[in-house]
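Here are the chains, one letter per residue:
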2 protein chains.
Amino acid sequence: MPAAGSVSTHANSRSVILDAVRAAGTISRVELVRGTGLTGATVSTVVRRLIDDGLVTEVGTAESTGGKPRTMLRLDPTARYAVGVHLDHGSVTYVVTDLGGDIVARTRRAGIGSAGPVEVVARMTGEIGAVISAAGVDRDRVLGVGVGMPGPVFQGAGAFTPPTLAAWSDFPLAQALERSIGLPTLMDNDATAGALGEHWARAVPGSVCLAAVYMGTGIGGGVVVGGMPYRGASGNTVELGHICVDLDGPECWCGNRGCVEILAGPATVVATARERGLLDAGATGASVTGDFAAVARLALQGDDAALALLEDSARYVAVAAHTVATIMDTDHVVLTGPSFGVAGSVYLPVVRRELETRYFARGNHPVGVTISPHAYEAAAVGAAAMVLQSELVPRQSSVVLPASLPDARATVRR
Amino acid sequence: MPAAGSVSTHANSRSVILDAVRAAGTISRVELVRGTGLTGATVSTVVRRLIDDGLVTEVGTAESTGGKPRTMLRLDPTARYAVGVHLDHGSVTYVVTDLGGDIVARTRRAGIGSAGPVEVVARMTGEIGAVISAAGVDRDRVLGVGVGMPGPVFQGAGAFTPPTLAAWSDFPLAQALERSIGLPTLMDNDATAGALGEHWARAVPGSVCLAAVYMGTGIGGGVVVGGMPYRGASGNTVELGHICVDLDGPECWCGNRGCVEILAGPATVVATARERGLLDAGATGASVTGDFAAVARLALQGDDAALALLEDSARYVAVAAHTVATIMDTDHVVLTGPSFGVAGSVYLPVVRRELETRYFARGNHPVGVTISPHAYEAAAVGAAAMVLQSELVPRQSSVVLPASLPDARATVRR
């Protein structure tokens, strides 16, 4: 039950207007009134304060039909920044993004390996300071730090427990980092963050319900509906690597059988490539994503055996994309994460064909499929977007609701 | 972008309080203040008006710890009613429910068969009048009519196009019914409505994210998250019968292959039973659900072949339940619809075992599995709940958000 009476109208209007400006790119005050349902007086007052705070700038005029020219507004992307961290098995990626979600600095370091929590927090604190310096931005303009990591995530106390990192069980990472860095720190599943990053960077304007299929070391996903990440009961959503697509399939590390990840994930692709002699055992083995990239390079260079291997994986990934669309009624699927960064061109046509020809509600709306413009850093960019959104679009102002409900209600209300 | 500034505080507080009273069963004013975040003065004023309107009644006192006894409040279930209609291939079910979602009258008629839209609207108008009369309720207390039907649903103009009813393509059923009956009319997918019915009737108190797996003639589903039906981009959600669980499986009527419905749905169970001589061809064939019920009765009477057939179907249904839990992070699954009404006791243990032993985030939270208390009329009860909810909990007051987000934000805000 939301505390409906506890949100001040001003704070609410401010976040509604900020998000409308962000989503539009450029927009006039008149269009803001039309798009938000707020009064002209409220829009004027709030926009004036946003300009005073440096968050919004005026960027010239647009011709209006018949009336006087309208002054256009847009976010000042340099007004605020956020740090995004992707803590993965094989590597840790740090980015600084501006208010528009564009990367202004990035670094990649080795994965956390066998290091314990205290050492990792110290290392991350140093790296975060360094990437902020490298970006050349004023620390006062950095809103906070977002951390994305493989699930399942325990949100209760900011703790997490990736199944492959048992030593980290119940360690309150977000709190420890926040104390150490002195900046607000948020944590979430990497694929959920990745989906928000695609939304925030406006990679798919007009999507009401956007799914991200994330492929790095493993396979995951996230959905953003009505501009907010869908989180379900506990934040462990859209685990596309661990849906069963073969009831008699092989056992997965998660305890299930016939999972998409065990049948078609990068680790399986790499193991099969090695079995078939496609990878030189001596020159590889540093990380699953590195070896997967090597298979992808072979395929793109014309190696038919490597291509066949990826196309077989793509059949399963396509079914996973189809399944999330059928269950969550998404209107777009973005393929993101480093493994799609290298092999997306092989997967894209297979996923597209699956959704074009087999999606249940295809008579109602198509499901678009694209590759992320920032697939390699998707989880880190998304983790930064979590911070930007938590500052700009507080949860009380957002309603995660059906595109179709207004129409259904119009039938009742007219 | 919701028109955040356009909701009056009073209307919002009223719906928040009404829903809190409904969800609690009985609750005191002090608990309402604590649970909603509204002020004591607002709660007092709004509760007084709800009592004056007859929607809420005082029902005696509860002991408080140390203070004076508190007057308890509850909805008056007889204050308002709604009509729910399930328009299915084999039959049309009509119910009248009270404000608490309990059935006060019901009728079942033959399916619409080859009748055209105009004839069906006339027939439904008569039946709805008759079921309201049978309930013995004042028509002024009937809030409206909800209609649930098989998907895909086109919400745009209140039209629908079940793929098996091509003649109905683009017919504006909700509008036509509303004109003919003179009551507000809502329409939605039957399984989505069914999920809302489970939530409304408080069959699973405490669930934040509730999935309904619906099995009637086919297999579908719906999810209610934070008290609101999840609707995605177009209202065609949780189509569990049409997710692929066998990439090389048989073709389904929907254009996909290896769908749960074609592998394990009632029509397939019935066809297999007939092939194996379990059903007497002469005595059956009236409807898929009727024939499925005959197979279920054989199994429950100890016929091993019939039982094996249902248990094989249950393996696939269990994977479908697992998949919706893995993607939408549900904390409970309700098995509902007439086919679970007759065979739920065979399916329940199979679905439970699947989620207990194989659900990805089982270390985070369990996923409960139960059979609906009104499985036979689930879609009609849910269609009535749609009407009750549209009156009592308007969309602006509801935030469909993650259980986990408050904690994640607390980490930032402290």
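Just so it is clear, the structure is predicted and the values come from calculations on it, not from any experiment.

**Student:** Quick question: what am I supposed to make of the overall build of chain A here?
**Tutor:** Looking only at helices and strands, chain A features 13 helices and 13 strands. Counting only residues that meet the buried cut, chain A has 59% of its 414 residues in that class. A separation threshold of at least 6 residues defines the contact pool for chain A, and within that pool the share at least 24 residues apart is 61%. Approximately 14,600 Å² of chain A is accessible, and the part contributed by carbon and sulfur atoms is 51%.

**Student:** What am I meant to see in the packing of aromatic side chains here?
**Tutor:** The description of two aromatic rings rests on the distance between their centres and on the angle between their planes. Applying the stated rule across the entire model yields five aromatic pairs over all chains. With a centroid separation of 5.9 Å and 70° between ring planes, the pair formed by F360 of chain A and W253 of chain B is classed as edge-to-face. Taken as a pair, F360 of chain A in the loop between α11 (338–358) and β13 (368–371) and W253 of chain B in the loop between β11 (228–229) and α7 (260–264) lie in two separate chains rather than in one. The class for W253 of chain B is partly exposed, based on a relative accessible area of 46%.

**Student:** Before we go on, may I ask you to explain unusual backbone geometry in this structure?
**Tutor:** If a residue is not glycine, its phi is most likely negative; likewise, a peptide bond is most likely trans. Notably, V238 of chain A is not glycine yet its phi reads approximately 50°, a positive angle. Classification of V238 of chain A as buried rests on a relative accessible area of 0%. For D329 of chain B, which is not glycine, the phi torsion reads 55° and is therefore positive. Here D329 of chain B is to be found in the loop between α10 (304–328) and β12 (332–336).

**Student:** Can you help me understand the pairing of strand β5 (residues 91–98) of chain A in this one?
**Tutor:** Sheet faces and side chains relate simply in a regular strand, where the side chains alternate between the two faces. Residue and element names in this part refer to chain A. Most of β5 sits out of view: eight of its eight residues are buried. Residues S91, T93, V95 and T97 point to one face of β5 and V92, Y94, V96 and D98 to the other, with burial holding for every one of them. With seven bridges connecting them, strand β4 (residues 81–87) and β5 associate as antiparallel partners. Bridge pairing in β5 links G84 to V95. Connecting β4 to the next strand, β5, in antiparallel fashion are three residues. Hairpin connection of β5 to strand β6 (residues 103–110): four residues between the antiparallel strands, including G101 at a positive phi of 85°.

**Student:** Is there a simple way to think about the packing of helix α9 (residues 288–300) of chain B against helix α11 (residues 338–358) of chain B in this case?
**Tutor:** A pair of packed helices is characterised by two quantities: the angle between their axes and the separation of those axes. All names here are of chain B. The geometry of α9 relative to α11 is characterised by a closest axis approach of 9 Å and an angle of 35° between their N-to-C directions. The handedness of the crossing between α9 and α11 is left-handed. Between α9 and α11, the contacting residues are T289, F292, A293, A296 and L300 on the first element and S339, V342, A343, S345, V346 and Y347 on the second.

**Student:** Even after reading the chapter, I still don't get the sheet that holds strand β1 (residues 27–28) of chain B, so can you show me in this structure?
**Tutor:** Two strands in a sheet stick together by hydrogen bonds in their backbones, pointing the same way (parallel) or opposite ways (antiparallel). Residues and elements named next belong to chain B. Read across the open sheet, the three strands follow the order β1-β3-β2; overall the sheet is antiparallel. Sheet topology places β1 and β2 (56–62) at the edges, where each strand pairs with a single neighbour. Of the pairings in the sheet, the one linking β1 to strand β3 (residues 70–75) comprises two bridges and is antiparallel in character. Note on β3: the bridge partner recorded for I27 is L73.

**Student:** Would you mind showing me how to read the sheet that holds strand β9 (residues 209–215) of chain B here?
**Tutor:** The mixed open sheet is built from five strands, whose spatial order is β11-β10-β9-β12-β13 (chain B). Strands at the two margins of the open sheet, each flanked by one partner only, are β11 and β13 (368–371) of chain B.

**Student:** Looking at this structure, how should I read the state of the cysteines?
**Tutor:** Throughout this description, disulfide means a covalent bond between two cysteine sulfur atoms. Residues and elements named next belong to chain B. One pass over the structure, following the stated rule, counts zero disulfides over all chains. Lacking any disulfide linkage, C252 is separated from the closest cysteine sulfur, that of C254, by 3.8 Å. Under the relative-accessibility criterion, C252 is labelled buried at 8%. Free of any disulfide, C254 has its nearest cysteine sulfur in C259, 3.7 Å distant. Taking relative accessible area as the criterion, C254 reaches 6% and is therefore assigned buried.

**Student:** Explain the side chain of D76 of chain B to me, please; I cannot follow it from the model alone.
**Tutor:** Residues and elements named next belong to chain B. In this fold, D76 is placed in the loop between β3 and β4 (81–87). Although buried, D76 forms no salt bridge, and the nearest oppositely charged side chain, R74, lies 4.8 Å from it. Looking at D76, its side chain comes within polar contact range of the side chain of T78, at 2.8 Å. In contact with D76, other than residues within four places in its own chain, are G54, L55, V56, T57 and L99.

**Student:** Could you clarify how one ought to interpret the nonpolar core in this entry?
**Tutor:** Nonpolar side chains tend toward joint burial in soluble globular proteins. With 114 residues, the main nonpolar core has Y347 of chain A together with Y347 of chain B as its most contacted residues. Sequence-distant contacts of Y347 of chain B, that is, excluding residues within four places in its chain, are made with M215, F292, L310, S313, A314, V317, L335 and F340 of chain B.

**Student:** Sorry if this is basic, but what is going on with the pairing of β3 of chain B here?
**Tutor:** Sheet topology places β2 of chain B next to β3 of chain B; five bridges connect them, and they run antiparallel. Residue pairing for β3 of chain B: T61 of chain B is matched across the bridge by T71 of chain B.

**Student:** So what exactly am I meant to see when it comes to the pattern of salt bridges here?
**Tutor:** For side chains bearing opposite charge, pairing can occur when the charged atoms are close. For the structure shown, the criterion picks out 26 salt bridges over all chains. The salt bridge partner of D248 of chain A is R315 of chain B, with a shortest N-O separation of 3.2 Å. In this pair, D248 of chain A sits in the loop between β11 (228–229) and α7 (260–264) while R315 of chain B sits in helix α10, so the two residues belong to two different chains. Here D248 of chain A falls in the exposed class, since its relative accessible area comes to 64%. R274 of chain A is the salt-bridge partner of D291 of chain A, the closest N and O atoms lying 3.0 Å from each other. Taken together, the positions of D291 of chain A in helix α9 (residues 288–300) and R274 of chain A in helix α8 (residues 266–275) put the pair 17 residues apart, joining distant regions of the chain.

**Student:** When you look at α9 of chain A in this model, what are you seeing that I'm missing?
**Tutor:** At 3.6 residues per turn, the α-helix brings residues three or four places apart onto the same side. Residue and element names in this part refer to chain A. For α9, with 13 residues, the first-to-last C-alpha span of 18 Å sits near the 18 Å given by 1.5 Å per residue. Here α9 has its buried residues at D291, F292, A293, A294, V295, A296 and A299. Against β9 (209–215), α8, α10 (304–328) and α11 lie the buried residues of α9. Positive phi appears at G302, one or two residues downstream of α9, with a value of about 105°.

**Student:** Explain helix α5 (residues 173–181) of chain A to me, please; I cannot follow it from the model alone.
**Tutor:** Residues and elements named next belong to chain A. With seven of nine residues buried, α5 is to be regarded as a mostly interior element. Within the sequence span of α5, burial applies to L173, A174, Q175, A176, L177, E178 and I181. Of the residues one or two after α5, G182 is the one with positive phi, at around 80°.

How each quantity is defined
- Residues numbered from 1 in each chain as written.
- Chains lettered and ligands numbered in written order.
- Predicted model: local features only at pLDDT ≥ 70, side-chain atom pairs only at ≥ 80, totals over all residues.
- Heavy atoms only, no water.
- Helix = DSSP H or I, 4+ residues; strand = E, 2+ residues; numbered from the N terminus.
- Buried < 20%, exposed > 50% of the residue type's maximum accessible area, 1.4 Å probe, protein only.
- Contact = heavy atoms within 4.5 Å.
- Areas by Shrake-Rupley, 256 points an atom, 1.4 Å probe, with all protein chains shown as cover.
- Phe/Tyr/Trp six-rings, centres within 6.5 Å; stacked < 30°, edge-to-face > 60°.
- Pairing = 2+ DSSP bridges.
- Axes fitted to C-alpha atoms, helices over the stretch in contact; angles between N-to-C directions.
- Left-handed = near helix turned anticlockwise from the far one by under 90°.
- Disulfide = S-S within 2.5 Å.
- Lys, Arg positive; Asp, Glu negative; His and termini not counted.
- Salt bridge = Lys/Arg side-chain N within 4 Å of Asp/Glu carboxyl O.
- Polar contact = N/O pair within 3.5 Å; in protein donor to acceptor, adjacent residues only side chain to side chain.
- Core = buried A, V, L, I, M, F, W, Y, C linked by side-chain atoms within 4.5 Å.
- Expected span 1.5 Å × (residues − 1).

From the geometry alone we can't say anything about function, so treat these as descriptive.
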